[in-house]
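Structural description and commentary
This is what each chain is made of:
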Amino acid sequence: MTRARTLLDVGAAAVAAGIAGAAARAALDHSGTREQFGAPLTDLPTVRASLSAQEAAARSVLATALATGIEDARAAAAALAPACDLALDVAAAAVQSHGGYGYMAEYAVEGLLRDAVSLRAATRATESARAAARALVGLDA
């Protein structure tokens, strides 16, 4: 049972990395083609900074998922919550980078945000993090 839960946690962290990466790419693609003030949005320093932060967060989620060993149940459980949270943050930022269009179902980022919220709920990331924390401090056997 522990092995199955560990594999589920690592797999969910990898899915979170995929969501974050797709959201960051969608935001970059949209911002590169959308013009504001006579130039692509990517010409605006604040937009570039936001896109850079989204990409860095997506890489962080991926690194967390890849670094999590499937042999260590505690590490897998502890890595899951931050991975889900970062995926949610990146997807929400991607929606914002689309402006009002980001909330429309015609744009992929709307679905990615929904997927990130659902993933966090489905994996019970908060519960897993608490269980890992209890185990690390010796309160749980």
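Just above, that's the structure.
Here's a quick rundown of the structure.

Calculation criteria
Residues numbered from 1 in each chain as written. Predicted model: local features only at pLDDT ≥ 70, side-chain atom pairs only at ≥ 80, totals over all residues. Heavy atoms only, no water. Helix = DSSP H or I, 4+ residues; strand = E, 2+ residues; numbered from the N terminus. Buried < 20%, exposed > 50% of the residue type's maximum accessible area, 1.4 Å probe, protein only. Contact = heavy atoms within 4.5 Å. Lys, Arg positive; Asp, Glu negative; His and termini not counted. Charge placed at Lys NZ, Arg CZ, Asp CG, Glu CD. Core = buried A, V, L, I, M, F, W, Y, C linked by side-chain atoms within 4.5 Å. Expected span 1.5 Å × (residues − 1). Axes fitted to C-alpha atoms, helices over the stretch in contact; angles between N-to-C directions. Parallel < 35°, antiparallel > 145°, perpendicular 65-115°, else oblique. Left-handed = near helix turned anticlockwise from the far one by under 90°. Nonpolar A, V, L, I, M, F, W, Y, C, P; charged D, E, K, R; others polar.

**Concerning the overall build of the chain**
- Broken down by element type, the chain carries five helices and two strands.
- Each helix and strand of the chain, ordered N terminal to C terminal, gives the series α-β-β-α-α-α-α.
- Structurally, the chain occupies a C-alpha span of about 60 × 25 × 20 Å along its principal axes.
- Split into buried and exposed, the 141 residues of the chain put 38% on the buried side.
- Put simply, 73% of the contacts in the chain that link residues at least 6 apart link residues at least 24 apart.
- Taking the 12 positively charged and 14 negatively charged side chains of the chain as two groups, their mean positions are separated by 5 Å.

**So, the nonpolar core**
- Ala-16, Ile-19, Ala-20, Ala-23, Val-61, Val-90 and Leu-119 are the most contacted members of the largest nonpolar core, which totals 30 residues.
- Contributing elements (two or more residues each) for this core: helix 1 (2-33), helix 2 (45-67), helix 3 (73-97) and helix 4 (108-123).
- The element best represented in this core is helix 1, accounting for 10 residues.

**Brief notes about the environment of Val-137**
- Mapped onto the elements, Val-137 comes out in the segment after helix 5 (125-136).
- In this structure Val-137 comes out as exposed when scored by relative accessible area, which is 59%.
- In sequence terms Val-137 and Arg-59 are 78 residues apart; their C-alpha atoms lie 29 Å from each other.

**Describing helix 4**
- Given a rise of 1.5 Å per residue, 16 residues ought to cover 22 Å, and the 22 Å separating the end C-alpha atoms of helix 4 matches this to within 8%.
- Within the sequence span of helix 4, burial applies to Val-109, Glu-110, Gly-111, Leu-112, Ala-116, Leu-119 and Thr-123.
- Of the residues trailing helix 4, Arg-124 is marked for its positive phi of about 50 degrees.

**Comments concerning the packing of helix 2 against helix 3**
- One can describe the packing of helix 2 onto helix 3 by two numbers: an axis separation of 9 Å at closest approach and a directional angle of 155 degrees. Between helix 2 and helix 3, the angle falls in the class roughly antiparallel. Here helix 2 and helix 3 pass one another in a crossing that is left-handed. Of helix 3, the residues touching helix 2 (which contributes Gln-54, Ala-57, Ala-58, Ser-60, Val-61 and Thr-64) are Ala-79, Ala-83, Leu-86, Ala-87, Val-90, Ala-93, Ala-94 and Ser-97.
- Looking at the contact of helix 2 with helix 3, its residues break down into 10 nonpolar, four polar and no charged.

Take it as geometry only, folks, not as evidence of what the structure does.
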